[in-house]
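# Survey of secondary and tertiary structure
Below, each chain spelled out in residue letters.
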Amino acid sequence: DTAVSQTPKYLVTQMGNDKSIKCEQNLGHDTMYWYKQDSKKFLKIMFSYNNKELIINETVPNRFSPKSPDKAHLNLHINSLELGDSAVYFCASSHLATNYGYTFGSGTRLTVV
Amino acid sequence: AQSVSQHNHHVILSEAASLELGCNYSYGGTVNLFWYVQYPGQHLQLLLKYFSGDPLVKGIKGFEAEFIKSKFSFNLRKPSVQWSDTAEYFCAVNGGATNKLIFGTGTLLAVQP
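A brief structural summary. What you see is a predicted model; the values in this text were computed from it and never measured.

Before going further, it helps to examine the environment of B:Pro79. All names here are of chain B. Position of Pro79 among the secondary structure elements: in the loop between strand 9 (73-78) and strand 10 (87-94). Along the backbone, Pro79 and Ala17 are 62 residues apart, and their C-alpha atoms lie at a distance of 7.1 Å. Discounting residues that sit within four places of it in the chain, Pro79 has contacts with Ala16, Ala17, Ser18 and Gly62.

If you look at the biggest cluster of nonpolar residues, it comprises 29 residues, and the most contacted ones within it are B:Leu33, B:Trp35, B:Leu47, B:Leu48, B:Phe74, B:Leu76 and B:Tyr89. Secondary structure elements with two or more residues in this core: strand 2 (10-14), strand 3 (19-21), strand 5 (32-38), strand 6 (44-50), strand 8 (64-68), strand 9, strand 10 and strand 12 (107-112) of chain B. A total of four residues in this core trace back to one element, the largest contributor, which is strand 10 of chain B. What B:Leu47 contacts, discounting residues up to four positions off in sequence, is B:Trp35, B:Tyr36, B:Val37, B:Gly59, B:Ile60, B:Phe63, B:Leu76 and B:Tyr89. The next biggest cluster of nonpolar side chains, apart from the first, holds 19 residues, and it includes A:Val4, A:Met46, A:Ile78 and A:Ala87.

All names here are of chain A. Applying the stated criterion across every chain yields a total of eight salt bridges over all chains. For Glu82, the salt bridge identified is with Arg63, shortest N-O distance 3.5 Å. In this pair, Glu82 sits in the loop between strand 8 (73-78) and strand 9 (87-94) while Arg63 sits in the loop between strand 6 (53-57) and strand 7 (64-70), placing the two residues 19 residues apart along the sequence. Given the relative accessible area of 42%, Glu82 is considered partly exposed. Among the residues examined, Arg63 registers a relative accessible area of 13% and is labelled buried.

All names here are of chain B. In terms of strand pairing, strand 5 meets strand 6 through six bridges, oriented antiparallel. Note on strand 6: the bridge partner recorded for Gln38 is Leu44. Remark: five residues form the turn of the hairpin made by strand 5 and strand 6, two consecutive strands paired antiparallel; Gly41 in that turn has positive phi of roughly 75 degrees.

Reading the values: the criteria
- Residues numbered from 1 in each chain as written.
- Chains lettered and ligands numbered in written order.
- Predicted model: local features only at pLDDT ≥ 70, side-chain atom pairs only at ≥ 80, totals over all residues.
- Heavy atoms only, no water.
- Helix = DSSP H or I, 4+ residues; strand = E, 2+ residues; numbered from the N terminus.
- Contact = heavy atoms within 4.5 Å.
- Core = buried A, V, L, I, M, F, W, Y, C linked by side-chain atoms within 4.5 Å.
- Buried < 20%, exposed > 50% of the residue type's maximum accessible area, 1.4 Å probe, protein only.
- Salt bridge = Lys/Arg side-chain N within 4 Å of Asp/Glu carboxyl O.
- Pairing = 2+ DSSP bridges.

Right under this line is the structure:
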């Protein structure tokens, strides 16, 4: 019954690999987000989808590609992983119109070696 | 552009001490303000939020925050902290059509028993 669930929780991979992180929400929200939290705990928004439409696309390398097959799912695919991609990636969801705040997933800790 | 400043990066308190964490924001329009807490190794949880109305808002676990529009501030307070309040605290603001949530850099609170 988890509201926003991300998989995997931990991901260790080598430089140059391609990996995906999945996110699903069962809150009936229409908007989903990806945030990156770096080693200094700074949280920066990467992408947002509203009803499968991309509405926020921050300055992120094009190696990162989000995909939203429906409004309950938002996946993040990363090509040619680099050491600097190591971080915790959080998925979140909200209802755009009412804006009661975001609900966050538990995060995916990505370590690139 | 929206921005959020948290000037206290690291706060150390003894149990039962009072807490006030500063948050200032910059935004040209109507804003919604939030405080999130991140316990060690966990995801972000919403402590409280301000949309409109009474500028003093009460949240979970005995926390409260006061919105002072003239000072562009939304400081977090708790009269008596507990060891279990040890966590990272993030102030955040959003507004506009995309509902983008901008976070401050966070304040690490360590409560000593």
